[in-house]
Number of protein chains: 4
Amino acid sequence: MTAEPDEAALKQLYADFEANDLTPLWTQLNDLMPLVPAPSAKAHVWRWSTLHRLAERAGDLVPVGRGGERRAIALVNPGLPGTAYIAPTLWCAIQYLGPRETAPEHRHSQNAFRFVVEGEGVWTVVNGDPVAMRRGDFLLTPGWHFHGHHNDTDQPMAWIDGLDIPFSRYTDVGFFEFGSERVTDEASPAVSRSERLWAHPGLRPMSELDPRISSPLAAYRWEHTDAALTEQLALEDEGHPATVEQGHAAIRYVNPTTGGDVMPTIRAEFHRLRAGTRTRTRHEVGSSVWQVFEGSGSVVLGGEERSVSTGDLFVVPSWVSWSLQAETPLDLFRFNDGPIIDRLGFSRTFIPEDGS
Amino acid sequence: MTAEPDEAALKQLYADFEANDLTPLWTQLNDLMPLVPAPSAKAHVWRWSTLHRLAERAGDLVPVGRGGERRAIALVNPGLPGTAYIAPTLWCAIQYLGPRETAPEHRHSQNAFRFVVEGEGVWTVVNGDPVAMRRGDFLLTPGWHFHGHHNDTDQPMAWIDGLDIPFSRYTDVGFFEFGSERVTDEASPAVSRSERLWAHPGLRPMSELDPRISSPLAAYRWEHTDAALTEQLALEDEGHPATVEQGHAAIRYVNPTTGGDVMPTIRAEFHRLRAGTRTRTRHEVGSSVWQVFEGSGSVVLGGEERSVSTGDLFVVPSWVSWSLQAETPLDLFRFNDGPIIDRLGFSRTFIPEDGS
Amino acid sequence: MTAEPDEAALKQLYADFEANDLTPLWTQLNDLMPLVPAPSAKAHVWRWSTLHRLAERAGDLVPVGRGGERRAIALVNPGLPGTAYIAPTLWCAIQYLGPRETAPEHRHSQNAFRFVVEGEGVWTVVNGDPVAMRRGDFLLTPGWHFHGHHNDTDQPMAWIDGLDIPFSRYTDVGFFEFGSERVTDEASPAVSRSERLWAHPGLRPMSELDPRISSPLAAYRWEHTDAALTEQLALEDEGHPATVEQGHAAIRYVNPTTGGDVMPTIRAEFHRLRAGTRTRTRHEVGSSVWQVFEGSGSVVLGGEERSVSTGDLFVVPSWVSWSLQAETPLDLFRFNDGPIIDRLGFSRTFIPEDGS
Amino acid sequence: MTAEPDEAALKQLYADFEANDLTPLWTQLNDLMPLVPAPSAKAHVWRWSTLHRLAERAGDLVPVGRGGERRAIALVNPGLPGTAYIAPTLWCAIQYLGPRETAPEHRHSQNAFRFVVEGEGVWTVVNGDPVAMRRGDFLLTPGWHFHGHHNDTDQPMAWIDGLDIPFSRYTDVGFFEFGSERVTDEASPAVSRSERLWAHPGLRPMSELDPRISSPLAAYRWEHTDAALTEQLALEDEGHPATVEQGHAAIRYVNPTTGGDVMPTIRAEFHRLRAGTRTRTRHEVGSSVWQVFEGSGSVVLGGEERSVSTGDLFVVPSWVSWSLQAETPLDLFRFNDGPIIDRLGFSRTFIPEDGS
């Protein structure tokens, strides 16, 4: 090491690095390894009214069928322009299916779910099992399960899709296969076969005793979610521990064969706040997406307050602080990349004492 | 080694062994290490009418309270005379609580459950949570949970207790502690707090995300068990895989935090056979106890057929072959030491091709 | 319940219980469920000189071969008379093989190990892999592995066998199968094939990446055990954490595919105390057997001090307090039923503050 | 849906999508979800002579110290221009430390290792434990362990660093903290304390019985790796299963507390091919980096053959086929993102029958 570096030699060195597919660490350390997570993704809110209106217009203009596969419109994080991603690891879209339309079957490595904030009438057929989609339901399509959707009514329906497309694309792990042009079972039962086998609390069929990487339960129905949250708040009223903090009930959707997350890359939860509740402020490692299911209030994201109401979606990038404030009783659905963070040992949460 | 052993010397050697707290393997190998499991326990059937009548008489003659703790009458395996054990690892008793009686609180390392074949009106209070006991319910008291029972009615009630008392006594692992003379919460709600928190299919409270060694769900209600079995048979009728074999539906009770057995030493299941169904014959490692919940039929135990009907109990020692035959629709509860066998690597099942 | 029980009626009731294979809990609760573990097994010490001398006499008088299978003499716990058991769950024997003798091959569900306190010259052949036995070595024969032993020298050799025979007999889980009359590979290599594949620290063969229920490593050599303990004491001298308590180094033998116990029912450890060290007094759930490998000192068992020296064995029943005191540097081998206790959730340890 | 879409309306719709931070799936499905992994990263070879020469020039021109932290020059995948990444998930650099230089201490969430292809004389100090670096050694710095390096000699030294920097940056999980300006322990022992505690095959210190997310063993020494591979080939010669395929020995570096990968995001292996061996062609999900440690031969990457020899590095992106051909005996080090792929359920391998 010379005391005074020779600028010309250094310049030549850097040029030779580049010519040989090399780059120095020392000039870019801060960007590569920031002191705390420094996401390119930004916190952002999308309004349901806007999303729904644009989806309707797409319904009028764009057919659904083999090739494009789905009339799904992805939420693009303003900090990740040019991508189709709401967060580095997560994809989130509004999907719209017109009266009597069918989205053909396919399967892929990517894990997927649907969450229904309004409407009904579509059946998603997962590995041949027709699954009704209704308001408040959380519906799974784990990786490599064939699936298509068909609208059995004369009304359109829209819902939210969540997938790990960005993660799969980034890590180069995805396979895709086309299936039937139509759904393989056009029946429209109220309850799927997967629920008939699996949606009994604390019971599992003895024909299926091995653990599974993803939940075998295709539908988590609103009536159960609502009941669980109602009970938590009632127990709190009666003086028993049940909620995550005062006035804040929450459930995690889980794989009944393990008690863990529903799919290996995606965590899903449902939160209910009493009117007037303000949650503690949290910094969490990992990216989250929320949708208001019912009610109105506000979210403080990185110190900036935004009002939200039924159907609105917002994204919380890694380590951006968030807290929720409920004007009315406030119900929210949340999904995130928690299983990735946890399984790889990167989990960390910080709750400032002063609530900031 | 001498060609012709000296009998006197050998006799002296064996005497010296005994005097020094020793014993040779070679004279007792077959008994210590048989070619296949050779249980001392025998297959046996107890009649519910007999059990219930004797329990009633005990109700007239024997008080319940601190010291004796429970009016429980244990089923003694005829092959294990002098013990109180239905199988080497398992304890099973009929417990009887008269009108307005209370069985005081205590806790112990031993894992316990109750199963109700008839009646109602008793609440078991587990760590302060009153749990109603009704026909068809399976109720947990995992190790080291305080528990007492009180009869809130003017009618007596009887049920089945299952514990790992023999295993705990044998391995010398048990601790015991007395608690309140009366139950610590005399309320009689229809639903326990544990159910309100945990009995929602595929959902868990976010205030409780760690796995637990035993299920946090204190009651597995008959309505869910019945529904699960009804659906399995309906799915079979519709041509879908759901049952363990033709005409034979079955569920395992599980810990929702893991998807595994409800307690670390005891497995519990419920089986339903269509009228006319005969199960395959099975040899299984481990000891099982069955109770007919409803219906009539027969069980073939080690080749010997015995008729059974509502309330009858029978024990199947390790490796004794068994099959069930249903005359009417036949519902049966089963518990066994499966978690011990599985966790320690001894599991083995044999299903003869010829059904013998 | 009557205020004054009718003695005759009660007597008749108890007789009717017995006639119907029943027994009341309330008369025997204390025995079945003691406040703390109340083992029938007693703490006891066996002298190596006695064991070895009797084994030699057996060598002169009793042949080894098919049928008796092994010239093994079991240590019988004085509290378990009539059994062949050193503890309710554990079997321990001295095995003796004369010059050029062969113990024929067999396999069984029971898990077994050997530990060598003196001598060498025997090869145990495990699933066809000849494993030399030398002083200080710990050697595995996990369940259902074929194994035989042959003495390749003109000197007899004796060692300690440990098995879960009592546990397997008690739970009725054992199968047994005879194999070759002689060992299937009579070679006498210094190092087994299992060691050549597996005894490389932190490395595993990519041809074997699945976890295994028992360790694939057939021999844990003295040189490694000794080095590990030497380093722990040296690190302690240098001021770094390494020992379990001051002056007390210890290693656990583990399954390299999991980092856990070597076999599903048996834990094994090696302890080294500096001269003058006295360990804290411990009460532990589960049964342990110790053998002094080298040195002299004493063990306090349930408050009673016994001197021990090279080769002596002692058993510590569940919850009986123990502490060790080293007059000279003291090396001890230990095995116990820890994996049974841990996997079934019964683990508990108590270390009195006052050392009592 | 209209039969003939109105082009102007469609154009307006897409503009409105963009204005509202939305994007359609149907126009980009193939790119987002290809039929098989379609990595942007390209297979590529870097020559050791080039790397080393440029690192030496950096040693002359660029100081090492607080701020830049390390004189590390990253290999940039030609398919990922503008990044510092050898693969989407992995970072790989040559690090160079001049005589008597010190790279200051810091810690970060990112998991790191070093592999030494030549030279010695540097100690990496990991959480205060000085770890000598010598040829053939594989050295760990798991996430959030403080570490610095110092060269204790008058010779420069260069080695390879591998980290999950890209994955951590992409998922926004990384924290970073500066430590001491110099290493906290300047001693230069031949063996680290972590090895003295942990590098004993099949043994673990009883002071450390909990599983750990990353290996507690800081150094995997060449002598052990070499011995393990030598034995595998010898066993193959003797007719025993040991290698992954004929002529191809391989070990995986593992965490002795679990038997699994050394760190939660990075897998590491060492491969040895006999002269003349050609491996089967494999397609694997996930990104791998190889370095030739000794010998010469060629690698066929996606059908294109490239010759490689001592020190050369190459990257194999996801699903790009690879096979190795050894001219001389050929030793290779490999690391990849296997734990990410496996833990998240995306693992898949394809070995064409025809070797293509």
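Residues numbered from 1 in each chain as written. Chains lettered and ligands numbered in written order. Predicted model: local features only at pLDDT ≥ 70, side-chain atom pairs only at ≥ 80, totals over all residues. Heavy atoms only, no water.

### Concerning the relation of the copies chain B and chain C
Consideration 1: Under the fitted operation, chain B is carried onto chain C by 0.0 Å of movement along the axis and a turn of 180°, and the coordinates agree to an RMSD of 0.0 Å. One copy is carried onto the other by what is essentially a two-fold rotation axis. The rotation axis passes nearest to the C-alpha of R343 of chain B in chain B, at a distance of 3.4 Å.
Consideration 2: With an isologous cut-off of 70% or more, the 100% of interface residues of chain B that recur at the interface of chain C puts this contact in the isologous class. (Least-squares fit on C-alpha atoms with pLDDT ≥ 70 in both. Contact = heavy atoms within 4.5 Å.)

### With respect to the interface of chain C and chain D
Consideration 1: Contact residues are listed per partner, giving 40 residues for chain C and 40 residues for chain D.
Consideration 2: Summed over both sides, the interface between chain C and chain D buries roughly 3400 Å², with carbon and sulfur atoms accounting for 66% of that surface.
Consideration 3: Considering only the side of chain C, the residues that lose the most area to chain D are R196, P201 and M206 of chain C, jointly responsible for 22% of the buried surface there.
Consideration 4: Counting every contact that joins chain C to chain D gives four salt bridges.
Consideration 5: Among the elements of the structure, α5 (193–198), β13 (203–205), α6 (222–237), β15 (248–253) and β16 (267–273) of chain C are those that each provide at least two residues to the side of chain C that touches chain D.
Consideration 6: Per-class residue counts for the side of chain C that touches chain D are 21 nonpolar, 12 polar and seven charged.
Consideration 7: Relative to strand β15 (residues 248–253) of chain D, β13 of chain C runs antiparallel, the two being bridged by three bridges. Bridge pairing links P205 of chain C to I251 of chain D in β15 of chain D. (Buried area = accessible area lost by both parts, 1.4 Å probe. Salt bridge = Lys/Arg side-chain N within 4 Å of Asp/Glu carboxyl O. Helix = DSSP H or I, 4+ residues; strand = E, 2+ residues; numbered from the N terminus. Nonpolar A, V, L, I, M, F, W, Y, C, P; charged D, E, K, R; others polar. Pairing = 2+ DSSP bridges.)

### Quick look at helix α3 (residues 48–61) of chain A
Consideration 1: The terminal C-alpha atoms of α3 of chain A, which comprises 14 residues, lie 20 Å apart, in line with the 20 Å expected from a rise of 1.5 Å per residue.
Consideration 2: Taken together, the buried positions of α3 of chain A are W48, T50, L51, H52, L54, A55, A58, G59 and L61 of chain A. (Expected span 1.5 Å × (residues − 1). Buried < 20%, exposed > 50% of the residue type's maximum accessible area, 1.4 Å probe, protein only.)

### Regarding the sheet that holds strand β4 (residues 91–97) of chain B
Consideration 1: Strand order in the open sheet formed by seven strands is β14(B)-β9(B)-β6(B)-β11(B)-β4(B)-β3(B)-β1(C), and the pairing between neighbours is antiparallel. Since the sheet does not close on itself, it has two edges, and those belong to β14 (219–220) of chain B together with β1 (22–24) of chain C, each with one partner.
Consideration 2: In this structure, strand β3 (residues 72–75) of chain B lies alongside β1 of chain C, joined through three bridges in antiparallel fashion. Residue pairing in the sheet places A74 of chain B in a bridge with T23 of chain C of β1 of chain C.

### Remarks on unusual backbone geometry
Consideration 1: Of note, E69 of chain C is a non-glycine position whose phi angle comes to about 75°, a positive value.
Consideration 2: Looking at the secondary structure, you find E69 of chain C in the loop between α3 (48–61) and β3 (72–75).
Consideration 3: For E69 of chain C, a relative accessible area of 1% translates into the label buried.
Consideration 4: The backbone of W319 of chain D shows a phi angle near 70°, a positive value even though the residue is not glycine.

### Some words on the UniProt feature "domain: Cupin type-2" (unreviewed entry) in chain A
Consideration 1: In this numbering, the UniProt entry assigns the feature "domain: Cupin type-2" (unreviewed entry) to residues 95–161 of chain A.
Consideration 2: Overall, residues 95–161 of chain A shows 0% helix and 61% strand. The separation of its end C-alpha atoms is 7 Å. (UniProt positions renumbered as here; feature names shortened; annotations may be inferred.)

### With respect to the relation of the copies chain C and chain D
Consideration 1: After a rotation of 180° and a shift along the axis of 0.0 Å, chain C superposes on chain D with an RMSD of 0.0 Å.
Consideration 2: Both copies present the same face, since 100% of the interface residues in chain C are matched by interface residues at the equivalent positions in chain D.

### Thoughts on the interface of chain B and chain C
The accessible area lost on association of the parts is a frequent measure of interface size.
Consideration 1: Contact residues are listed per partner, giving 94 residues for chain B and 94 residues for chain C.
Consideration 2: Summed over both partners, the interface of chain B with chain C comes to about 8000 Å²; 68% of that surface belongs to carbon and sulfur atoms.
Consideration 3: Run the count over chain B and chain C and you get four salt bridges.
Consideration 4: Taken together, the connections running from chain B to chain C amount to 29 residue pairs in polar contact (both at pLDDT 80 or more).
Consideration 5: For the side of chain B that touches chain C, the leading source of residues is helix α3 (residues 48–61) of chain B, giving eight residues.
Consideration 6: For the side of chain B that touches chain C, the class distribution of residues is 57 nonpolar, 22 polar and 15 charged. (Polar contact = N/O pair within 3.5 Å; in protein donor to acceptor, adjacent residues only side chain to side chain.)

### What about the sheet that holds strand β14 (residues 219–220) of chain C?
Consideration 1: Spatially, seven strands are ordered β1(B)-β3(C)-β4(C)-β11(C)-β6(C)-β9(C)-β14(C) in an open sheet, and the strand pairing comes out antiparallel. Looking at the sheet topology across the chains shown, the edges are occupied by β1 (22–24) of chain B together with β14 of chain C.
Consideration 2: In this sheet, β14 of chain C lies alongside strand β9 (residues 138–141) of chain C in antiparallel orientation, the contact comprising two bridges. Bridging from a neighbouring strand, F138 of chain C pairs with Y220 of chain C of β14 of chain C.

### Remarks on the pattern of salt bridges
All names here are of chain C.
Consideration 1: Evaluated as defined, the whole model comprises 116 salt bridges over all chains.
Consideration 2: A salt bridge links R100 to D154, with the shortest nitrogen-to-oxygen separation between them at 3.0 Å. Note that R100 is positioned in the loop between β4 (91–97) and β5 (102–108) and D154 in the loop between β10 (147–151) and β11 (157–163), a separation of 54 residues in sequence.
Consideration 3: For D154, a relative accessible area of 53% puts it in the exposed group.

### Some remarks on the arrangement of the chains
Consideration 1: The closest approach of any C-alpha atom in chain A to one in chain C is 17 Å; the two make no contact.
Consideration 2: Separated without contact, chain B and chain D have their nearest C-alpha atoms at a distance of 16 Å.

### Quick look at the packing of helix α1 (residues 7–19) of chain A against helix α3 (residues 48–61) of chain D
Consideration 1: At their nearest, the axes of α1 of chain A and α3 of chain D sit 10 Å apart, and the two run at 155° to each other. By the angle between their axes, α1 of chain A is roughly antiparallel relative to α3 of chain D. Here α1 of chain A and α3 of chain D pass one another in a crossing that is left-handed. Of the residues in α3 of chain D, those in contact with A9, L10, Q12, L13, D16 and F17 of chain A of α1 of chain A are L54, R57, A58 and L61 of chain D.
Consideration 2: Classifying every residue of the contact of α1 of chain A with α3 of chain D gives seven nonpolar, one polar and two charged. (Axes fitted to C-alpha atoms, helices over the stretch in contact; angles between N-to-C directions. Parallel < 35°, antiparallel > 145°, perpendicular 65-115°, else oblique. Left-handed = near helix turned anticlockwise from the far one by under 90°.)

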